[in-house]
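# Structural features, examined
Residue-level listing of the chains:
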Amino acid sequence: MIPKIILFGYTDYTVVNKKRIATCKTCGKKITDGGATTSNFVRHLKLHKERFEQYQMNKSATSEPQQSPISQFMETRVGQYSMNHPQQKAINNAILSDLVIDCNLPLSIVENNSFRHFLSVVDSKYSPVCRRTLTSKIENLATKRRSKLKTQLSNTDHVSVTVDIWSDRKMKGILGVTVHCMEKDGERLQLKSNLLACDRFKGPHMAERICEQFEAICGEYSIKDKLDYIISDNAANMRKAFTVCFPIEPEDEVHDEDHLDDPELWNDLTPEDQQIVDAAIATTKQRLQCFSHTLQLVVGDGLKETKVMTPSLSKLSKISSLLHTNTTLKEVFEAEFGERWIPAAVNTRWNSTLRQVKAVIQCDHRKLSHVLEKAGHKELLFTVQEWNKLKELVDILKPFGEATDMTQGEKIVTISSVVPSVLSLNHHLEQRKPQVHFLSGLVRSLQASLNKRFLGIFINVKMARKQDGITAPFSDPVYLKAAALDPAFSLMWVEHHVLVKEEVKEEVAQRVKELILQDATGTEEAVPLVDEKEREDHSLGQEDGLFAAYCKRQKKAVGTTPALQLSHYLDICEGQNALLFWAMNRKALPSLSRVAIRVLAVPASSALVERVFSHGGIILRPRRAQMTDRLLSNLVFCKCNAS
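Residues numbered from 1 in each chain as written. Predicted model: local features only at pLDDT ≥ 70, side-chain atom pairs only at ≥ 80, totals over all residues. Heavy atoms only, no water.

### Quick look at the side chain of H48
Our working definition: Think of it this way: any DSSP run of H or I at least four residues long counts as a helix, any run of E at least two long counts as a strand, and we number them from the N terminus. We define a polar contact as two N or O atoms separated by no more than 3.5 Å, with the added condition that, inside protein, one atom must be a possible hydrogen donor and the other a possible acceptor, whereas residues neighbouring each other in sequence contribute only through side-chain atom pairs. Whether two residues touch is decided by their heavy atoms; if any such pair falls within 4.5 Å, the residues are in contact.
Counting through the fold element by element, H48 comes out in the loop between α2 (39-47) and α3 (49-62). Engagement of the side chain of H48 in a polar contact is seen with the side chain of H44, the distance being 3.4 Å. If near-sequence neighbours (up to four positions away) are discounted, H48 is found in contact with C24, T26 and C27.

Printed below as a string of structure tokens:
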């Protein structure tokens, strides 16, 4: 059958080697196209504007709106669905969403003979699609989900983002950006996290280039004016990027040494550079350090200064490695301890070392020694003193693990835990000082690093003095406001863990209240006045009912000031869940709830964007290393925005 476009605008139509060839009636030029497409013929006819307009008019005149033919819901060939059949579409969508996106199976599975045989058994009428068709469907799905996300964000007033850079298996840089906000769903409040982009980042990872791509992403989703905070790790290029991103003064020239390959780039800045960068960041009041990453640096500082643990941890690491590689030791270990296991430690995750130590001390010391002797590894036996050191290490670091886990959640409020966690850890270390027998140096190093890296918090609660010309890390008031506006903490952390005199504690509590009231006053809305006659009529209507005496008067918050709301809030706090509490008290505490919803939506760490990279690493397995950047970006985007 000859296509309509060729019948209208072309002559001398032939098919040679599965290619369509025809001569243009207007200019006489020969046009060639594939055996199943007409795009070249359409494109050429558009060059002859009047002729193409005639074709369009002709086409619209002959095609009348009509009901879809029943044939599209029936088999085009004997025993086969058409491509528009509902069941065909349902299976295609299930393969895409359930197998390719959720289960991370490669697109080539649709061309695998065994898989096609499996589909024929499941539904013999299904017509298999090719990998190219599936790729185009992924592009369409990603486009739909981006459009949906833009619509959702257009209805949000305040957002925060987490940003990080990752290198894939081919050492290509990937910039990841996630967005976070509090969403009102009827009477409920819920935290929403979405992936904005997981895009290829080409060239050197300089601060200005990170900033440029980040601003483009914010522009695409129209969120720059809604952006409250940017959470990133402590890498130098990230800190500099968001000084560049929202500059107050003209920036100096960017030098070529800001490159990913520079090992110093991922270390701390010099004190002089730190002061300059932190001062600029504080001026923007937008960039926050990742709490989890900073806490990891604290533990790293402590272990680095405590050489006494090195022999014990080295033995433990060797035992864990042998259990993964030595079948003799593994069999003897399993015969004694069953399914118990000692996990491997990850250099970039200090809490993996904590889990490793916890796992080994759960084993009986004598039995473990017997297992190691039997497997021929006497050199790995722990002495009694080394065993006690491991127990003491767990006792010291366990609260650090709890704080790390508490601030990496996705569906729970995390930023409110920062101040209570830091102050509680400091109190914990203070109490351990007279109790430890072997690791007093570790306790001192941890406390010194904690006070240095979270200096802003200790200054804000008057446990440290402010240093002139230096912007202390974690000094942003959002941490204090979030802790106070979470009913699980309220101001109890001031009483229990701020180690100062009582009159100073009162000053700290008063300062926190003032910070909250400043924001609450700025968001206060006028309360509509109710006409007295209308109020009387309404009350009369309530008294007239048969069971009027049973009715309880509805609680109202008419004309309460932010100060009264804050006072009432502090009276009713009893450790409730923050999201449930503010959902129930939005109307009773209107000014305060607006501040709470805004600050409690900020994530404490950049763990959420790191989870995106975990998905990327699973998708980009070694056998899929030739995947295009665009396909990887779309697959990760669809997986992270599945809901």
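### Looking at the packing of helix α15 (residues 384-406) against helix α17 (residues 440-453)
We apply this condition: Axes, fitted as lines to C-alpha atoms, cover a helix only where it is in contact. Angles between the N-to-C directions of the axes lie from 0 to 180 degrees. Throughout this description, any angle smaller than 35 degrees is read as roughly parallel, any larger than 145 degrees as roughly antiparallel, any in the 65 to 115 degree range as roughly perpendicular, and the remainder as oblique. The crossing is said to be left-handed when, going from far helix to near helix, the turn is anticlockwise and less than a right angle, and right-handed when the turn is clockwise.
In contact at an axis separation of 10 Å, α15 and α17 are set at 20 degrees when each is read in the N-to-C sense. By the criterion of interaxial angle, the relationship of α15 to α17 is roughly parallel. In the packing of α15 onto α17, the handedness of the crossing is right-handed. Residue-level inspection shows L393, I396, L397 and F400 of α15 in contact with α17, the latter providing L442, V443 and L446.

### Remarks on the sheet that holds strand β1 (residues 10-16)
The test is simple: Paired strands, in this sense, are two strands between which DSSP finds at least two bridges.
Taking strand neighbours across the sheet as the criterion, the 3 strands line up as β1-β2-β3 in an open arrangement whose pairing is antiparallel. On the outer flanks of this sheet lie β1 and β3 (30-34), each paired with one strand and no other. The average angle at which neighbouring strand axes cross in this sheet is 20 degrees, direction not considered. Inspection of the sheet shows β1 paired to strand β2 (residues 19-24) by 5 bridges, in the antiparallel sense. Bridge pairing in β2 places T14 opposite I21. Of the strands in this sheet, β1, β2 and β3 are in contact with α2, which crosses β3 at around 145 degrees.

### Regarding the environment of D228
Let me state the cut-off plainly: Only protein chains enter the accessibility calculation, which uses a 1.4 Å probe; a residue whose area is less than 20% of its type maximum is buried, one above 50% is exposed, and one in between is partly exposed.
Relative to the elements of secondary structure, D228 occurs in strand β7 (residues 227-232). Given a relative accessible area of 10%, D228 falls into the buried group. Considering only alpha carbons, one finds D228 and H158, 70 residues apart in sequence, at a separation of 6.4 Å. Engagement of the side chain of D228 in a polar contact is seen with the side chain of H158, the distance being 3.5 Å. A polar atom in the side chain of D228 sits 2.9 Å from the side chain of R598.

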